[in-house]
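Notes for the structure review
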2 protein chains.
Amino acid sequence: MLIIAGMGVHDVKDMSIKAFESAKTADRVYVEFYTSIPNSKLEDIEKTLGRRVYLLNRSDLEENSEKIIKEAKIKDIVILVPGDPMVATTHSTLKLEAKKLGVDVRVIHSSSISSAVCVTGLQFYRFGKTATVSYPYSGIISKYPVDVVKQNWKINAHTLLLLDLHPKPMRIPEAIDYLFKAGMEDWYAVALGDVGGSNYMKCDMLSKLRDFNPPGLHSLIVLARTLHIVEYECLIEFASAPKEIKEIVV
Amino acid sequence: MLIIAGMGVHDVKDMSIKAFESAKTADRVYVEFYTSIPNSKLEDIEKTLGRRVYLLNRSDLEENSEKIIKEAKIKDIVILVPGDPMVATTHSTLKLEAKKLGVDVRVIHSSSISSAVCVTGLQFYRFGKTATVSYPYSGIISKYPVDVVKQNWKINAHTLLLLDLHPKPMRIPEAIDYLFKAGMEDWYAVALGDVGGSNYMKCDMLSKLRDFNPPGLHSLIVLARTLHIVEYECLIEFASAPKEIKEIVV
């Protein structure tokens, strides 16, 4: 059986008891740091589990995935992945390939940035589509995240923007530059660092968040056109929001 | 300190190692089954933690929350909650109240239905706003979830619909009736039961999902106007989707 187990939003101790128990008893345990980068090194994960853990790279999970699926036909294989496994399309495709090759798959869920961002006080049911801010490709800056923000504004929804990880984790100042170059207008946003760990948060206009560069992985939330009063109070209390943001409370 | 710790999407073993360790060493541990209903009874939770756990009701978390916050001023108090804590506005408000009263709050994240639904193969970044199908209030059926589906259709997004839990967990057949009575048009949807456990899933037109009534808590996903090819393949493999759904693949 192939068991795809989430390690959760921050570090190895965000994995569930289920994931821990499955990894303890599996025939072999792999881990990948490609779809996100946890705050635990391979050695920390091995220490927590008390066993050897093997590192997979992108190609092991994508074009060469058949090898690991075939291994899971005769053994219990656990693949530990950052966050909640099915949020990454890589793992969803792996699950599909395994099913097609007649291999049973079990998914063990875990915490994900996608709901953990509600630690800001922004309400989950007010978030629209999520998008990723990518590095320029052949010198061209993608307009996709800006299009998604504009789509979400049409329905008055917040937008979670994840930042590209490869070749290295993008920082907030750089992401904001790419957004403006892609035609983004200046608007209120929350800049986040180390979600699930130290939870650094700062709310302000995008143009004023360019100096925010805390430790940990970064992400951004572009706010909807309006705020609920409880969201407003949380942003004041937890994210040092400027008082003028009251103008968008309805 | 007040520690609000998620128990995860399904049962007590979906809680993280962090949540487990905090609950083991806290001065007192509470649990609430109001914002969702886990697949573990109070006794199971007590057995897993090896200690006494006290049940909170809605009013303990809302109008009478000051009592528990004051307790957390002098003791380490863990409140175990279903899913990922901050997804429920109740817990977000509790965190805000604690901050105002000068009590430190720590949030321990866990898996949530909000990302676990990607076990269907539907891609996270294609989901729009989430809504709840509520029981009629004073005989009036809310149009809110139908409005949200229509908003999401404008941006070609899927809609996760959670079902009301009080006075008893709403079932899919009943939810579909309310949706049609609120003006919903017939469209492709995925009906879900026991997400994170047995993962019952069936994809079809809403009108054809009225007989789907598996064990566990229920939810619904109304599909976007189009499907990605991998989403289509997953719905065929995992949710017994009808072949005609191919017409919406782009």
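Residues numbered from 1 in each chain as written. Chains lettered and ligands numbered in written order. Predicted model: local features only at pLDDT ≥ 70, side-chain atom pairs only at ≥ 80, totals over all residues. Heavy atoms only, no water.

**Overview of the interface of chain A and chain B**
Across the contact, 53 residues belong to chain A and 53 residues belong to chain B. A buried area of about 4,700 Å², summed over both sides, lies between chain A and chain B, and 60% of it is on carbon and sulfur atoms. The three residues of chain A that bury the most area against chain B are Ile17, His109 and Ile155 of chain A, which together make up 14% of that side's buried surface. The interface formed by chain A and chain B includes ten salt bridges. Its salt-bridge partner being Glu21 of chain A, residue Lys13 of chain B comes within 3.2 Å of it at the nearest N-O pair. Where the side of chain A that touches chain B is concerned, the elements lending two or more residues are helix 1 (17-25), helix 5 (89-100), helix 6 (113-116), helix 7 (144-154) and helix 9 (229-239) of chain A. (Contact = heavy atoms within 4.5 Å. Buried area = accessible area lost by both parts, 1.4 Å probe. Salt bridge = Lys/Arg side-chain N within 4 Å of Asp/Glu carboxyl O. Helix = DSSP H or I, 4+ residues; strand = E, 2+ residues; numbered from the N terminus.)

**A word on unusual backbone geometry**
Residue and element names in this part refer to chain A. Residues His166 and Pro167 are joined by a peptide bond in cis, for which omega reads 5 degrees. Among the structural elements, Pro167 can be located in the loop between strand 7 (159-163) and helix 8 (172-181). Positive phi outside glycine occurs at Asn156, with the angle close to 55 degrees. Along the chain, the position of Asn156 falls in the loop between helix 7 and strand 7. A relative accessible area of 24% means that Asn156 is categorised as partly exposed. (Buried < 20%, exposed > 50% of the residue type's maximum accessible area, 1.4 Å probe, protein only.)

**Focus on the sheet that holds strand 7 of chain A**
All names here are of chain A. Strand order in the open sheet made by the five strands is 6-7-10-8-9, with mixed pairing throughout. In this open sheet, the two edge strands, each paired with only one partner strand, are strand 6 (131-133) and strand 9 (200-205). Direction aside, the axes of adjacent strands within the sheet are offset by 25 degrees on average. Bridging between strand 7 and strand 10 (residues 218-222) involves four bridges; their strand directions are antiparallel. Residue pairing in the sheet places Leu161 in a bridge with Leu220 of strand 10. (Pairing = 2+ DSSP bridges. Axes fitted to C-alpha atoms, helices over the stretch in contact; angles between N-to-C directions.)

**Some points on the relation of the copies chain A and chain B**
For the pair chain A and chain B, the relating rotation is 180 degrees, the translation along its axis is 0.0 Å, and the fit reaches an RMSD of 0.0 Å. Taken together, these values place the two copies in the relation of a two-fold axis. Looking at the interface residues of chain A, 100% of them are also at the interface in chain B, so both copies use one shared face. (Least-squares fit on C-alpha atoms with pLDDT ≥ 70 in both.)

**Section: the sheet that holds strand 1 (residues 2-6) of chain B**
All names here are of chain B. Strand order in the open sheet formed by five strands is 3-2-4-1-5, with parallel pairing between adjacent strands. Two strands in the sheet have a free side with no partner beyond their single neighbour: strand 3 (54-56) and strand 5 (105-108). For this sheet the average axis-to-axis angle between neighbouring strands, irrespective of direction, equals 25 degrees. In the packing of helix 5 (residues 89-100) onto the sheet, contacts are made with strand 1, strand 2 (28-32), strand 4 (77-81) and strand 5, and the angle to strand 1 comes to roughly 165 degrees.

**Let's talk about the domain arrangement of chain A**
Residues and elements named next belong to chain A. Domain annotation of chain A identifies domain 1 (2-111) and domain 2 (114-248). Relative placement of domain 1 and domain 2: their C-alpha centres are 29 Å apart. Opposite the eight residues of domain 1 that make contact, domain 2 presents ten residues. In this assembly, domain 1 packs against domain 2 so that about 690 Å² is buried in total across both faces, 65% of it on carbon and sulfur atoms. Looking only at domain 1, the three residues that lose the most surface to domain 2 are Val9, His10 and Ile37, adding up to 57% of its buried area. Linking domain 1 with domain 2 are zero salt bridges, by the criterion used here. (Domains from an automatic or database assignment.)

**Notes on the packing of aromatic side chains**
Residue and element names in this part refer to chain A. Counted according to the given criterion, the structure contains eight aromatic pairs over all chains. Considering the side-chain rings of Tyr135 and Tyr178, the 6.4 Å spacing of their centres and the 85 degrees angle between planes classify their relative orientation as edge-to-face. With Tyr135 in the loop between strand 6 and helix 7 and Tyr178 in helix 8, the pair connects residues that are 43 residues apart, well separated along the chain. With respect to burial, Tyr135 and Tyr178 carry one shared label: buried. Following the ring pairs from residue to residue traces out a cluster consisting of Trp153, Trp187 and Tyr188. (Phe/Tyr/Trp six-rings, centres within 6.5 Å; stacked < 30°, edge-to-face > 60°.)

**Quick word on the pairing of strand 4 (residues 77-81) of chain A**
Residue and element names in this part refer to chain A. Burial runs high along strand 4: five of the five residues are buried. Side chains Ile77, Ile79 and Val81 project from strand 4 onto one buried face, and the interleaved Val78 and Leu80 project onto a second face that is buried too. Strand direction decides the pairing type here: strand 1 (residues 2-6) and strand 4, joined by five bridges, are parallel. Opposite Ile4, over in strand 4, you have Ile79 as the bridge partner. Where strand 2 (residues 28-32) and strand 4 come together, four bridges link them in parallel fashion. Looking across to strand 4, one finds that Arg28 is bridged to Ile77.

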